[in-house]
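A look at the structure
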Amino acid sequence: MEGDENSGGAFAPLREPTFRRIWTASLFSNFGQLFLGVGAAWEMTRLSNSPSMVALVQSAMMLPLVLVTLPAGAIADMFDRRRIAMTGLTFSALCAAVLAVIAFLGLVTPWLLLAFCALIGGGVALYSPSWQASIPEQVSRQHLPAAVALGTISYNVARSFGPALGGLIVVLYGAKAVFGMTSLLYLPLLVAFFLWRRKHVPSRLPPERMDRAIVGGARYALHAPAIRTALVRVLVFGLSTATASALAPLIARDLLRGDASTFGILLGAQGVGAVAGALFVSKIRETISTELAVRIFAVGTGLALVTIGFSNEIVLTCGAFLIVGACNILTIAMLNVTVQLSAPRWVTARALSLFSSAITAGIGLGAWAWGMVAAAHDVAFALVASGIAVGATALLGLILPIGRDQEADISEVPLGHEPAVGMALTMRSGPVVIEVEYDVDPERARDFYAVMMKMQSMRKRNGGFDWSLARDIANPALWTERYHCPTWGDYLRLRDRFTQADSEIQAEADSYHRAHDASRVRRRLERPFGSVRWKADSLDPRQDTVSWMAP
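These remarks concern the structure in this document. (Residues numbered from 1 in each chain as written. Predicted model: local features only at pLDDT ≥ 70, side-chain atom pairs only at ≥ 80, totals over all residues. Heavy atoms only, no water.)

Looking at empty space enclosed by the protein
Per the counting criterion, the structure on display carries one cavity of 30 Å³ or more. Quantified by volume, the largest cavity comes out at close to 40 Å³. Along the walls of the largest cavity sit Arg-233, Phe-237, Val-294, Arg-295, Ala-298, Thr-393 and Ala-394, which together make up its complete lining. Of all the secondary-structure elements, those providing two or more residues to the lining of the largest cavity are helix H9 (225–241) and helix H14 (290–310). With three residues, the top contributor of residues to the lining of the largest cavity is H14. Considered class by class, the residues forming the lining of the largest cavity number four nonpolar, one polar and two charged. (1 Å grid on protein atoms, 1.4 Å probe; cavity = no way out; pocket = protein on both sides within 12 Å on 5 of 7 lines; lining within 4 Å. Points joined across faces, edges and corners; volume = space filled by probe spheres on them. Helix = DSSP H or I, 4+ residues; strand = E, 2+ residues; numbered from the N terminus. Nonpolar A, V, L, I, M, F, W, Y, C, P; charged D, E, K, R; others polar.)

Here you go:
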């Protein structure tokens, strides 16, 4: 059992007012985004006869999700997530409103349309990590799986009906009306975030540089086993299962001998399956482990794709599409919950943005690859091969198993002491070298070494570089742990990032230390050029100026 407390059912998070308001409003914004896709694609057919230009509409809307999501995650971790979400929504709403005005004036050109689609998508990409990372602040921990699932339900409800409804609006009132409605449909979500009285607790340290923040998020994911495993599993799942959506038009035309309405029915079946599957996320997590569930969904998806490849009957194919939709959304939602429960607050948005990028990259590359397979052979062959591939991903659990979410306590804990400083330092002083000495009974060396391997991952994911462990040749009882931080500010941030699980690893390592001296931790400025007098009459930085920023 992965949940110690009853989750209260699939709709339990809606009892919490803040989440209920934001979730309800997000349903409108999802409809607006899908309306935009339909309206822009239809408008492009009027502006250009080139199929590639029509296809570029979808690319323009999706590209920001790949390029902007990771920086947006870093921004959401460094600043107030509520304000960042509101900024992204406001930007998208304004861009959609400007596009509507330009369309009403008859001034839209193909490239101008693509530019505005990209700008609107950029605002959504800025908003998305802040929204996902703030879900744990809006619901209690036991309701988090259901809350994540409800987020997917919101999108899939809109996906099931949005395109058809958007097409009807285009037919009745034209694409310009759709652009205006898109802008208006963002407003309820903007108001819901405005009404959320989130208490933002700013860091006591200045924000990181953007490039270091992005690298820091990537390093945390790389050295956090649960997150790293979730990213690899969702990437491989996306690569292998992309055929259902990517080849749906060809399935309708070539395998079922249908038309555009058949294509719409297949997508509708997949959307209904996704909505139905998302309702059971909490129940499944309470019943079986995430690892077993992901394996079952991989096998279920594989069998459904093989069925689609051999089927010539629309009822059977729709049933298989329904299973694919349910298994896909269950897999993604459960892995998303794993990431949310494994990432501490300081890096949650970056971890989720990496998760979103992994899904997008997997599906995008998978769609291209399976399209090439279908072109080289046929659609049925690609579907059967895809089904076998996705079923085989269940074997990844033997190499990269998904751990249980409650194994580590990621609540942040303050360190009970401050580093002693005897020279003038600024946040940019560095590099800083940290050395920790251990006096370990040689009889316990093997066990100590195993603990220090966990220490290595902990230091690296929190911001340490060039970690090493050395043993004294003359006195094998003496060990030295050594690592770098690029600047003094980075070292202070590393100290601020300690979680309860990190403290337990440190305490376990300290338990092997036989001596109890306080001087075994040494912090050194590696290139101390500015900390010494160049001439006898020069100012002494240690005595004549103090620029160290205390934590």
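From this point, the discussion proceeds with the structure in view.
Some remarks on the nonpolar core
Ranked by size, the top nonpolar core spans 60 residues in total, and within it Phe-19, Leu-99, Leu-113, Phe-179 and Phe-193 carry the most contacts. For this core, the element with the highest residue contribution is helix H4 (residues 81–104), accounting for 10 residues. Setting aside its immediate chain neighbours within four residues, Phe-19 contacts Pro-13, Leu-14, Trp-131, Ile-135, Gln-138, Val-139, Ala-147 and Leu-150. Residues Tyr-438, Val-451, Cys-485 and Leu-492 belong to the second largest nonpolar core, which totals 27 residues. (Core = buried A, V, L, I, M, F, W, Y, C linked by side-chain atoms within 4.5 Å. Buried < 20%, exposed > 50% of the residue type's maximum accessible area, 1.4 Å probe, protein only. Contact = heavy atoms within 4.5 Å.)

As for unusual backbone geometry
Looking along the chain, the bond that leaves Gly-430 and enters Pro-431 is cis, with omega of 0 degrees. Residue placement: Pro-431 occurs in the loop between helix H17 (379–392) and strand E1 (432–439).

A look at the pairing of strand E2 (residues 465–471)
In this sheet, strand E3 (residues 478–485) lies alongside E2 in antiparallel orientation, the contact comprising five bridges. The residue bridging Phe-465 from the neighbouring strand is His-484, located in E3. Two successive antiparallel strands, E2 and E3, enclose a turn made up of six residues. (Pairing = 2+ DSSP bridges.)

So, the pattern of salt bridges
This structure, assessed with the given rule, holds 21 salt bridges. Here Asp-77 and Arg-81 are joined by a salt bridge, their closest N and O atoms 2.9 Å apart. The same class applies to Asp-77 as to Arg-81, namely buried. We note a salt bridge from Glu-208 to Arg-497, for which the minimum N-O separation is 2.9 Å. A residue pair is termed long-range when its members are at least 10 positions apart, and Glu-208 in the loop between helix H7 (175–195) and helix H8 (210–223) and Arg-497 in the loop between helix H19 (488–496) and helix H20 (500–510) qualify at 289 residues. Residue Glu-208 shares its accessibility class with Arg-497, and that shared class is buried. Each member of the salt-bridge network shares a partner with another, and the members are Asp-77, Arg-81, Glu-137, Glu-208, Arg-350 and Arg-497. (Salt bridge = Lys/Arg side-chain N within 4 Å of Asp/Glu carboxyl O.)

Quick notes on the packing of helix H3 (residues 69–78) against H8
The description of two helices packed together rests on the angle between their axes and the distance between the axes. The interhelical angle for the contact between H3 and H8, taken along N-to-C directions, is 100 degrees, at an axis separation of 9 Å. Compared by their axis directions, H3 and H8 come out roughly perpendicular. Across from Leu-70, Pro-71, Ala-74, Ile-75 and Met-78 in H3, the residues of H8 making contact are Met-210, Ala-213 and Ile-214. (Axes fitted to C-alpha atoms, helices over the stretch in contact; angles between N-to-C directions. Parallel < 35°, antiparallel > 145°, perpendicular 65-115°, else oblique.)

Comments concerning the sheet that holds E3
Spatial strand order, E2-E3-E1-E4: four strands in an open sheet with antiparallel pairing. Of all the strands in the sheet, the pair left with one neighbour each is E2 and strand E4 (521–525). On average, each strand axis in the sheet is tilted by 15 degrees relative to the strand beside it, whichever way the strands run. On the sheet, helix H18 (residues 445–462) packs against E1, E2 and E3 and is oriented at approximately 165 degrees with respect to E2.

Examining the packing of aromatic side chains
What the rule picks out here adds up to 10 aromatic pairs. Both rings, one in Phe-19 and one in Trp-131, keep their centres 6.2 Å apart while their planes meet at 20 degrees; by these two values the pair is stacked. Residue Phe-19 is found in helix H1 (residues 17–47), and its partner Trp-131 is found in helix H5 (residues 110–138); the two are separated by 112 residues along the sequence. Take Phe-19: its relative accessible area is 0%, and that puts it in the buried class. Take Trp-131: its relative accessible area is 10%, and that puts it in the buried class. Feature note: the residues Phe-19, Tyr-127, Trp-131, Phe-193 and Trp-196 constitute an aromatic cluster, connected by ring pairs. Sitting over the ring of Trp-346, Arg-497 keeps its end group 3.9 Å from the ring centre. (Phe/Tyr/Trp six-rings, centres within 6.5 Å; stacked < 30°, edge-to-face > 60°. Lys NZ or Arg CZ within 6 Å of the ring centre and 35° of its normal.)

Thoughts on H19
Burial analysis of H19 places eight of its nine residues in the buried class, which makes it a mostly covered element. Along H19, the residues that are buried comprise Trp-488, Gly-489, Asp-490, Tyr-491, Leu-492, Arg-493, Leu-494 and Arg-495. Where H19 is buried, its residues touch H8, E1, H18, E3 and E4.

Digging into the layout of surface pockets
In this structure, the second largest pocket occupies an estimated 680 Å³ of space. If you trace the second largest pocket, you find 30 residues lining it, with Ser-203, Arg-204, Arg-345, Trp-346 and Asp-496 closest to the centre. Contributing elements (two or more residues each) for the lining of the second largest pocket: H3 and H19. Grouping the amino acids of the lining of the second largest pocket by side-chain chemistry returns 13 nonpolar, three polar and 14 charged.

Some remarks on the pairing of E3
Moving residue by residue along a regular strand, the side chains alternate between the two faces of the sheet. Two elements, E1 and E3, share eight bridges in a ladder whose sense is antiparallel. Within E3, the residue paired with Tyr-438 across the bridge is Trp-479.

What to know about the environment of Ala-369
Here Ala-369 is to be found in helix H16 (residues 348–376). The spacing of Ala-369 and Ala-382 is 13 residues in sequence and 9.6 Å in space, taken between C-alpha atoms.

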